[in-house]
Amino acid sequence: TIPPSDRNDIKTKLNDEVNRLIKEAVSVSVRVVSGSDLEKELTEIPDYIDKEKPCRVVRMADVACPCGGTHVQNVSEIKGMEIYKLAVKK
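(A) Local environment of the pairing of strand β2 (residues 55–60). The sheet contact formed by strand β1 (residues 28–33) and β2 spans six bridges and is antiparallel. Opposite Val-32, over in β2, you have Arg-56 as the bridge partner. Across four bridges, the pairing between β2 and strand β3 (residues 63–66) is antiparallel. Residue pairing for β3: Val-57 is matched across the bridge by Pro-66. What sits between the antiparallel neighbours β2 and β3 is a turn of two residues, in which Ala-61 has the positive phi angle 55 degrees.

Cut-off values and rules
- Residues numbered from 1 in each chain as written.
- Predicted model: local features only at pLDDT ≥ 70, side-chain atom pairs only at ≥ 80, totals over all residues.
- Heavy atoms only, no water.
- Pairing = 2+ DSSP bridges.
- Helix = DSSP H or I, 4+ residues; strand = E, 2+ residues; numbered from the N terminus.

Here it is in structure tokens:
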């Protein structure tokens, strides 16, 4: 849980970092990775990912995550972003 006193500072840092990446025009790569190679690609593998099957991995800068959605080819396509609220799911 993020203490209420830290939330504004964290939102500011997140907004700054997201918009820095957008300005840097970081490219986005998408590739299919075999289940056995997932540990090399991802720092954390969610429980719902079947490690016996190939997985689609999206990488932006030095961050990679499994994903099945549609993505931009370059984060500059986003133009800008602002995080208004932080919430913790229970």
